[in-house]
Amino acid sequence: MSACKRLLAVLRPGRSPLFRRVATWSPVGAAFNARQQRKLDLFHRSNGLFGVPELTCPDGFAAVGERALRETERLVEKACQSLPGIITVKTFDQLSDSLCRVADLADFVKVAHPDPAFREAAERTCVNIGTMVEKLNTNVDLCNSLKNLLDKSDIMASLDPETRRVAELFMFDFEISGIHLSEEKRKEAVNLNVRLLDLNNEFLVGSHLPNKIEKRMLPDHIHHHFSKEGNYIQIGGLHAEATDDLVRELAYRIFLYPNTSLLQTLEELLKCRNKLANLVGYESYANRALKGTMAKSPGNRVNLFLYFDVLPQHFRTAQDFEMMRAMKAKLNPRNAVSLWYVLACERTVIILLRFNIEPSLYSPFFSLGACMEGLNSLFTELYGVSLMAEEPSAGEVWSEDVRKLAVVHETEGLLGYIYCDFFHRPDKPHQDCHFTIRGGRQLDNGQYQLPVVVLLLSLPLPRKSAPTLLTPGMMENLFHEMGHAMHSMLGRTRYQHVTGTRCATDFAEVPSILMEYFATDHRVLNQFARHYQTGQVFYATLDQVFHGKPQDRSTTDILKDLQEKFYGLPYVPNTAWQLRFSHLIGYGAKYYSYLMSRAVASMVWKQCFLKDPLNREMGERYRQEMLAHGGGKEPMLMVEGMLQRRPTVEDFVDALVSDLNPDFETFIMDSEA
């Protein structure tokens with residue numbers, strides 16, 4: 001049965017759905033299907049953001065930052081004076097935890113808090129903590145205390161595998177920071193890293209800022225699609241799912257219009273990264289960034305994925321675009337496919353073309369509350385885990401629309417907390433992402449430090465008459481980010497340095513991409529659209545070229561050449577998409593990770609979950625083999641444990657090609673049916 005027919009069968013009355021139907025929402029569904037109505041608490045003092053007592057006001061960041069720096073001094077002294085053994089690794093992890101608990105929290109607040117004073121205070125804290133981290137990474141005495149342990153083979157042999165790996169990872173951080181350099185060059189490396197902190201923040205902030213244009217420059221009838229500021233209209237995104245071609249075209253041209261200052265920032269950032277890589281002994285920043293990943297180096301699997309002869313044959317070309325235009329014209333002659341629709345939202349156009357279904361027919365079935373109930377049911381089936389809505393205490397959250405979920409296992413109890421910042425608000429980044437606020441780790445008193453994460457989306461607020469209804473793109477983004485969250489919740493590592501998503505970048509996306517497969521399976525959430533995504537190959541290639549050997553041409557010229565080669569669609573003059581590519585900061589030289597992770601997720605889905613997506617045995621194997629270890633185990637060993645075989649390079653390529661290959665004939669048949 002085609003996916004379209006499966007969807008229509010689900011929507012047709014009289015059929016038995018996979019999950020229970022109830023007349024009222026569960027607490028989780030209700031928490032997300034109505035606007036939050038919190039009681040005004042006049043009798044209790046604010047507990048501070050995330051329950052941190054000092055963070056009742058922006059000045060509190062200075063206090064928590066200073067406390068972390070004092071604790072750092074104490075732990076550095078302890079590490080340097082301790083005899084080599086497991087205490088060395090534990091002290092290093094406590095040091096990492098002390099700094100990360102402040103830096104990670106501040107890293108989130110600086111981009112998401114609605115109060116500019118909080119954002120500025122958090123940014124100052126990020127710089128202060130980041131500077132300390134770079135100094136520690138070039139501290140010879142601290143490094144020697146770890147080296148003394150690693151050099152004693154008898155002691156290392158007595159340690160458990162996770163402890164040995166964590167010790168090696170800490171040494172790896174020293175090595176890529178230039179610990180082997182002279183004192184003068186180590187200082188230069190610290191200065192370059194501190195400069196990069198500033199450039200990273202400058203680019204990240206700039207990539208999310210809207211572009212303005214005078215109202216008179218746009219037709220009056222489309223003004224209501226955009227935000228207004230005096231005599232100007234602000235365009236803060238591509239408006240990818242707008243039904244009006246003109247709205248999408250103007251949004252694309254204006255939002256991506258080059259910002260000269262930001263172009264200069266990007267150029268300096270790339271030069272600074274390359275200079276740092278050369279200083280510490282690497283040919284390029286990509287060589288430095290990929291050491292320690294599944295790919296190992298740009299000359300290994302990354303280039304194989306990006307330049308393997310078979311992949312370009314499956315990219316969308318100009319001919320594919322013309323085929324899509326003809327399909328849409330046949331199905332809906334009044335509204336042909338435009339270039340702007342494909343450039344702005346390639347996934348949604350495939351979904352709508354494939355099924356030719358009016359959104360009004362299916363969107364009521366996919367309210368945010370219904371999707372959260374579906375996720376809850378899925379996690380219960382696979383892992384024995386439930387999501388429970390909790391009321392935050394006074395001052396704990398930064399917006400009244402934030403929901404707090406406790407993640408509870410049926411036998412293990414409370415696993416951690418997820419803060420769901422799902423709804424759009426002014427000055428909030430238009431980016432879906434996962435933030436670790438506190439990593440899990442084993443404490444000396446026998447208890448476990450519970451992980452805390454935030455999921456950031458930008459969904460429309462529910463109205464009085466209707467809840468938030470999700471488009472297919474919104475739904476798969478929700479599932480993707482929840483995959484990251486559950487990776488953090490289900491991990492049970494001894495050390496926070498390797499907890500949850502603190503693992504190799506090209507493995508970290510596997511759990512999130514695997515969740516997309518569940519989102520597109522009719523047996524799980526009655527979802528009808530098969531995920532389709534070729535753009536990541538272009539993004540990954542662009543990222544690798546930017547971070548390879550320096551080239552005597554602008555980033556825009558590089559973008560233009562690669563877009564025409566790998567995308568098959570023309571570059572639009574006077575646009576600079578790379579200035580909105582905020583992943584260049586967190587994923588510099590590692591954006592290929594989405595491809596590597598997609599290949600792994602594809603193999604796991606097809607071998608382990610395709611036959612039965614709710615198989616508890618497979619869910620437990622997935623948790624124990626892949627989710628539980630975070631970064632505490634070699635990524636390929638986790639993949640091998642899950643698949644019960646070691647995949648070859650050809651397996652990776654075949655999995656990726658099969659996942660990216662569009663079947664247009666199926667689209668046409670499904671649509672005509």
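Residues numbered from 1 in each chain as written. Predicted model: local features only at pLDDT ≥ 70, side-chain atom pairs only at ≥ 80, totals over all residues. Heavy atoms only, no water.

What the UniProt record of the protein chain gives under Subcellular location (unreviewed entry) is the line "Mitochondrion". Quoted straight from UniProt, the Sequence similarities (unreviewed entry) entry for the protein chain says "Belongs to the peptidase M3 family." (UniProt positions renumbered as here; feature names shortened; annotations may be inferred.)

To continue, consider the overall build of the protein chain. Broken down by element type, the protein chain carries 30 helices and 10 strands. With 673 residues in all, the protein chain has 58% of them scored as buried. At a minimum sequence separation of 6, the contacts of the protein chain that also span at least 24 residues come to 73%. Here the protein chain displays about 28800 Å² of accessible surface, and carbon together with sulfur accounts for 51% of that area. (Helix = DSSP H or I, 4+ residues; strand = E, 2+ residues; numbered from the N terminus. Buried < 20%, exposed > 50% of the residue type's maximum accessible area, 1.4 Å probe, protein only. Contact = heavy atoms within 4.5 Å. Areas by Shrake-Rupley, 256 points an atom, 1.4 Å probe, with all protein chains shown as cover.)

Turning our attention to empty space enclosed by the protein. Counted by the stated rule, this structure contains one cavity of 30 Å³ or more. Taken together, Phe379, Tyr383, Gly483, Met486, His487, Pro511, Met515, Tyr622 and Leu627 form the lining of the largest cavity. Counting residues per element, the ones that place at least two in the lining of the largest cavity are α18 (368-383), α19 (472-490), α21 (510-519) and α27 (616-627). Of the residues forming the lining of the largest cavity, the biggest block, three residues, is contributed by α19. For the lining of the largest cavity, the residue count by class is seven nonpolar, two polar and no charged. (1 Å grid on protein atoms, 1.4 Å probe; cavity = no way out; pocket = protein on both sides within 12 Å on 5 of 7 lines; lining within 4 Å. Points joined across faces, edges and corners; volume = space filled by probe spheres on them. Nonpolar A, V, L, I, M, F, W, Y, C, P; charged D, E, K, R; others polar.)

Here the focus is the packing of aromatic side chains. Counted according to the given criterion, the structure contains 15 aromatic pairs. Between Phe609 and Tyr622, the ring centres sit 6.1 Å apart and the planes meet at 85 degrees, which makes this aromatic pair edge-to-face. Taken as a pair, Phe609 in helix α26 (residues 593-609) and Tyr622 in helix α27 lie far apart in primary sequence, 13 residues in all. Accessibility assignment for this pair places Phe609 and Tyr622 in one class, buried. (Phe/Tyr/Trp six-rings, centres within 6.5 Å; stacked < 30°, edge-to-face > 60°.)

Counting buried positions along strand β6 (residues 413-423) gives nine out of 11 residues, so the element sits mostly inside the fold. Pairing of strand β5 (residues 403-409) with β6 involves seven bridges; the strand directions are antiparallel. Opposite Val407, over in β6, you have Gly416 as the bridge partner. Between β5 and β6, which pair antiparallel one after the other, the connecting turn spans three residues. (Pairing = 2+ DSSP bridges.)

Moving on, we come to the packing of helix α3 (residues 60-81) against helix α4 (residues 86-112). Between α3 and α4, the least distance of the axes is 9 Å, while the angle of their chain directions is 165 degrees. Our classification of the angle between α3 and α4 gives roughly antiparallel. α4 is crossed by α3, and the crossing has left-handed handedness. Seen from α3, the contacting residues are Phe61, Val64, Gly65, Ala68, Glu71, Thr72, Leu75, Val76, Lys78 and Ala79; seen from α4, they are Ile87, Thr91, Phe92, Gln94, Leu95, Ser98, Leu99, Val102, Leu105, Ala106 and Val109. Residue composition of the contact of α3 with α4, grouped by class: 14 nonpolar, five polar and two charged. (Axes fitted to C-alpha atoms, helices over the stretch in contact; angles between N-to-C directions. Parallel < 35°, antiparallel > 145°, perpendicular 65-115°, else oblique. Left-handed = near helix turned anticlockwise from the far one by under 90°.)

Note that Arg621 resides in helix α27. No salt bridge is formed by the buried Arg621; the nearest opposite charge belongs to Glu617, separated by 5.5 Å. Among residues more than four places away in sequence, those in contact with Arg621 are Cys608, Met626, Gly641, Met642 and Gln644. (Lys, Arg positive; Asp, Glu negative; His and termini not counted. Salt bridge = Lys/Arg side-chain N within 4 Å of Asp/Glu carboxyl O.)

We now examine the sheet that holds strand β1 (residues 211-214). With respect to topology, three strands assemble into an open sheet ordered β1-β3-β2, the strand pairing being antiparallel. Sheet topology places β1 and β2 (227-229) at the edges, where each strand pairs with a single neighbour. The average angle at which neighbouring strand axes cross in this sheet is 35 degrees, direction not considered. Bridge analysis of β2 against strand β3 (residues 232-235) gives three bridges, and the strand direction is antiparallel. Bridging across to β3, Glu229 finds its partner in Tyr232. Contacts between helix α10 (residues 245-255) and the sheet are confined to β1 and β3, with β3 contributing the most and set at about 85 degrees to the helix.

A few words on unusual backbone geometry. Backbone geometry places Phe50, a non-glycine residue, at a positive phi of 55 degrees. Overall, Phe50 belongs to the buried group, its relative accessible area being 14%. For Asp427, which is not a glycine, the phi torsion comes out positive at approximately 70 degrees. Its location among the elements puts Asp427 in the loop between β6 and β7 (433-438).

By the bridge criterion, four bridges tie β1 to β3 in an arrangement that is antiparallel. Residue pairing for β3: Ile213 is matched across the bridge by Ile233.

Another point: the confidence of the model for the protein chain. Reading fine detail from the predicted coordinates is not recommended where pLDDT is low. Chain-level pLDDT for the protein chain is 81 on average; 79% of the residues reach the 70-or-more range. Below pLDDT 50 for its whole length, residues 1-23 participates in 32 contacts with residues either more than four positions away or in separate chains. Taken as a whole, residues 662-673 scores under 50 in pLDDT and shows 24 contacts with residues more than four places along the chain or in a different chain. (pLDDT = per-residue confidence, 0-100.)

Let us now look at the sheet that holds strand β4 (residues 385-390). Strand order in this open sheet of five strands is β4-β5-β6-β10-β7, and the pairing throughout is mixed. Of all the strands in the sheet, the pair left with one neighbour each is β4 and β7. Taken over all neighbouring pairs, the strand axes of this sheet differ in orientation by 30 degrees on average, direction set aside. Pairing of β4 with β5, which is carried by six bridges, proceeds in the antiparallel orientation. Paired with Leu387 across the bridge in β5 is Val407.

So, about the packing of α19 against α21. Following both chains from N to C, one finds α19 and α21 inclined at 135 degrees, their axes separated by 7 Å at the closest point. As the angle between them shows, α19 and α21 are arranged oblique. The element α19 and its partner α21 pack so that their crossing is right-handed. When α19 is examined against α21, the residues Glu476, Phe479, His480, Gly483, His484 and His487 are found in contact with a partner set consisting of Pro511, Ser512, Ile513, Met515, Glu516, Phe518 and Ala519.

Moving on: the environment of Ile233. As for its placement among the helices and strands, Ile233 is situated in strand β3. Along the backbone, Ile233 and Leu218 are 15 residues apart, and their C-alpha atoms lie at a distance of 8.7 Å. Once residues lying within four places of it in the same chain are set aside, the contact partners of Ile233 are Asn211, Lys212, Ile213, Lys215, Leu218, His223, Phe226, Ser227 and Lys228.

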